[in-house]
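# Residue-level structural notes
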Amino acid sequence: MALKQMTSQSDVPRILVVDDSTAVRRGLTKLLEPLGAETLEAADGGYGFDLAMRTSIDLVISDVDMPGLDGIELCRRLKANTATRALPVILHSSFSAESDIERGFKAGASAYVTKHESSARLLETVHRTLHRARFQQELSILVVDDSRTILRVVKTGLTEAGFHVETAPDGQAALDRLNDLTPDLILSDIDMPVMNGFELCEILRADAETRDIPFVVMSANSDRGTMKRMLQHGAAAYITKPFNVDELVILTERILSDQYRLLLKEKERLDFEQRLMLDSITSLISALEARDAYTRGHSEAVGRIVSGMVALSGADPKEVERATIGGRLHDIGKIGVRDAVLLKPGRLTDDEFNQIKQHPLIGATILASIESLADIRDIVLSHHERPDGKGYPNGLSGNRIPLTARMTAVADTFHALTSDRPYRKGMPLGKALDIIDDARETQLCPDCVDLFLAYLEKEACRGHEG
Ligand SMILES: [Fe+2]
């Protein structure tokens, strides 16, 4: 049975806890609760192995020192069995000598955490191990060899280890497969008909789309010169035939886990940049609102309404998040409008109004240098455009105005009408809705007004329920 049948494949991870101490098992079960995991318990290695064979499990956490089958032997048996070899095992033991830890890893454990270490460390290891195991299940490998026997043996070994495997009989066939497949790793022979491994490797390295796919050579040619040449061509590793398929699986896992670490680092860097960007946005909005106490909270409210409308329209969470940021930033260009104009209590002259009308352009210019906010510029630039073409700055009409900008216009109008200003009280809800309804077609997009009304109704229902 392959791994995919042996793992639970659901969002709730199933974790098997093996320890001869009832108190430790209960303690671990309690510790794992925040992960939303379902835990199963076994008091010894033998029962643990039976459970792993019979049930869908995503991770095993096992003690080492147990009567009967100990944790090391349990780990060895799980790794020796094709149905369970891809199941990650974390050894959790009071043995903390280097030699004990080494023995654990030799038996095939994914991680070793001593009982002297903190619960937070164990929890973090569980989280990371589960994440990595799931990641591995989504990985695909393309095996290229003109020998059917090699293709079959390698495919079986890698499939049992949990990878998705595709095959091709030569370099050209491998290139053809790449039209509809993006493997995470390519394992290739060198001497093949039609197109050999050298040519294949060279073509892949020259193409930006395939350049970063690790290329591992498996060849009967153990000549140092050939090996050097392949590695210089960009091959990630070289394994000589005949090889033990377990060796190949371990090599593959190692290369992919290095690749995984790089991806993880990249993700952390992107998350950090995203946080930095959100902090900058918050500072920009604070700078804007610090000048004008009466509009304080307006950006926040518009962001909340627009994101609610976008969510109601069935958009995915990413789009909802972008709409929140866009709504919050829609008036950011007002930073560039002089205080004497922006904060003037009385009626504005034509010249002053023209200065205010510059704020969408100023906002779009501020955001132009921030690559990650490119998709938000539309909202900032076009939130004062009108369906009848009488808006600014570009006089766009109808559907030529970007959809989220049209939604922002409705949210902006509604919040401006209903919130208190120094020179007037906020309008009652009914009156504000009448004005919005009258502005359909001319000032506001009718579909967006409908969406807004549906959003408001939903919020009202939620308020009543609450
Ligand atoms: Fe505005």
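About the cut-offs
- Residues numbered from 1 in each chain as written.
- Predicted model: local features only at pLDDT ≥ 70, side-chain atom pairs only at ≥ 80, totals over all residues.
- Pairing = 2+ DSSP bridges.
- Helix = DSSP H or I, 4+ residues; strand = E, 2+ residues; numbered from the N terminus.
- Right-handed = clockwise from strand over helix to strand, strands pointing away.
- Axes fitted to C-alpha atoms, helices over the stretch in contact; angles between N-to-C directions.
- Contact = placed C-beta atoms within 7 Å.
- Parallel < 35°, antiparallel > 145°, perpendicular 65-115°, else oblique.
- Left-handed = near helix turned anticlockwise from the far one by under 90°.
- Nonpolar A, V, L, I, M, F, W, Y, C, P; charged D, E, K, R; others polar.

The next point concerns the pairing of strand β7 (residues 164-168). For a regular strand, side chains alternate in direction, first toward one face of the sheet and then toward the other. Bridging between strand β6 (residues 140-144) and β7 involves five bridges; their strand directions are parallel. Looking at β7, one finds that Leu142 is bridged to Glu166. As a crossover connection, the stretch from β6 through helix α7 (residues 148-160) into β7 is right-handed.

Here the focus is the sheet that holds β6. Ordered in space as β7-β6-β8-β9-β10, the five strands form an open sheet in which the pairing is parallel. Whereas interior strands pair on both sides, the edge strands pair on one side only; in this sheet they are β7 and β10 (237-240). Across this sheet, the average inter-strand angle for adjacent strands is 20°, counted without regard to direction. Packed onto the sheet, α7 meets β6, β7 and β8 (185-188) and runs at close to 165° relative to β7.

A few words on the sheet that holds strand β2 (residues 38-42). Pairing is parallel across the open sheet formed by five strands, whose spatial order is β2-β1-β3-β4-β5. Bordering the open sheet on either side are β2 and β5 (111-114), each of which pairs with just one other strand. Ignoring which end each strand starts from, the neighbouring axes of this sheet average 20° apart. Of the pairings in the sheet, the one linking strand β4 (residues 89-93) to β5 comprises four bridges and is parallel in character. Across the sheet, the residue bridging to His92 is Val113, located in β5. Strands β1 (14-18), β2 and β3 (59-62) of the sheet are contacted by helix α3 (residues 45-54), whose axis makes an angle of about 165° with β1.

So, on to the packing of helix α13 (residues 317-329) against helix α18 (residues 403-418). Where α13 meets α18, the closest approach of the two axes is 11 Å, and the angle between their N-to-C directions is 55°. When the axes of α13 and α18 are compared, the pair comes out oblique. Considering how the two elements wind past one another, α13 and α18 form a crossing that is right-handed. Across from Ala323, Gly326 and Gly327 in α13, the residues of α18 making contact are Thr404, Thr408 and Ala411. For the contact of α13 with α18, a count of residues per class yields two nonpolar, four polar and no charged.

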